[in-house]
Amino acid sequence: TDSVSADVAAVDGVPGVRVFENITDVTDGDDVPPHNIEVVVSGGAVNEIAQAIWDSKAGGIGAHGDDSGTAVDANGNNQTVDFTRPTEIPLYLHITVTVNSTVSLGPVYPTDGDTQIKDAISAWGQDNLTIGSDLVLSQLYSVIFGISGVTDVTLIEADTSPAPTGTTNVVIGARELGTIDTTNIEVTSA
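The structure presented is a predicted model; accordingly, all values stated were derived computationally and were not measured.

Moving on: the nonpolar core. Formed by 26 residues in total, the largest nonpolar core has its most connected members in Leu93, Val97, Ile117, Ile121, Leu135 and Ile144. Contributions of two or more residues to this core are made by β7 (92-99), α3 (113-128), α4 (140-145), β8 (150-159) and β10 (185-189). Excluding residues within four positions of it along the chain, leucine 135 makes contact with Leu91, Leu93, Trp124, Leu129, Leu140, Ala158, Asn169, Val170, Ile172 and Ile180. Membership of the second largest hydrophobic core comes to 16 residues, among which are Val8, Val11, Ile37 and Val39.

Here it is, written out as structure tokens:
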């Protein structure tokens, strides 16, 4: 599975991959059929992903999934290779910050500070949220404090639905990918 993961990750446009393996004779707890792998992959062209899986998986092992592409084997024959795309889970955030507006007291919060916070958190999500990774709220503090003039983060609320009220980490399933869009972030600064 390590070589499958590395080869699929090397496909152009693939930011994330996770491989499940079932070496038993029965469907396992991850719903992978016997003697199969399931590659969960975001991004990339379907046939390039299929080829990478075909080239690196062991012979006699099936490739399970909800999507598929076509690979070409050593004899020039087309082979259908299944894989899975992660379910994207939009994450919603409400952030309350205390800011400095007095020059003599240090860095001042910019007029577009709320937008800067939204952009920074969205960029952080693209760089750090991978398939199956939870949204850990404490990781957002350094991102928010990276904006000039933020003196305190008084509240971070997050959920998978609008108007979030949860103050705990958001759990993401093994075949899911949390996404953070700036339009799903509300910032209150005072």
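So that's the structure; there's more coming.
Its location among the elements puts valine 108 in the loop between β7 and α3. Distance in space between the C-alpha atoms of valine 108 and alanine 10 is 43 Å, their sequence separation being 98 residues. Beyond its immediate chain neighbours, meaning those up to four positions away, valine 108 contacts Asn100, Ser101, Thr102, Val103, Ser148 and Gly149.

Here we come to the pairing of strand β4 (residues 67-72). As defined by bridge partners, β4 adjoins strand β5 (residues 78-83) across six bridges and the pair is classed as antiparallel. Each residue of the ladder has a partner; that of glycine 69, found in β5, is valine 81. If you look at the hairpin formed by β4 and β5, you'll find five residues sitting between the two strands, and glycine 76 has a positive phi there, around 85 degrees.

Relative to the 22 Å expected for 16 residues at 1.5 Å per residue, α3 spans 22 Å between its end C-alpha atoms, a close match to the ideal helical length. For α3, the set of buried residues is Gly113, Ile117, Ile121, Ser122, Trp124 and Gly125. Among the structural elements, β7, α4, β8 and β10 are those in contact with the buried residues of α3.

Residues other than glycine seldom take positive phi values, yet histidine 35 does so here, at roughly 55 degrees. Mapped onto the elements of the fold, histidine 35 is located in the loop between β1 (16-22) and β2 (36-42). According to the relative accessible area criterion, histidine 35 is partly exposed, its value standing at 34%. For alanine 163, which is not a glycine, the phi torsion comes out positive at approximately 55 degrees. Among the structural elements, alanine 163 can be located in the loop between β8 and β9 (176-179).

Analysis parameters
- Residues numbered from 1 in each chain as written.
- Predicted model: local features only at pLDDT ≥ 70, side-chain atom pairs only at ≥ 80, totals over all residues.
- Heavy atoms only, no water.
- Core = buried A, V, L, I, M, F, W, Y, C linked by side-chain atoms within 4.5 Å.
- Buried < 20%, exposed > 50% of the residue type's maximum accessible area, 1.4 Å probe, protein only.
- Helix = DSSP H or I, 4+ residues; strand = E, 2+ residues; numbered from the N terminus.
- Contact = heavy atoms within 4.5 Å.
- Pairing = 2+ DSSP bridges.
- Expected span 1.5 Å × (residues − 1).

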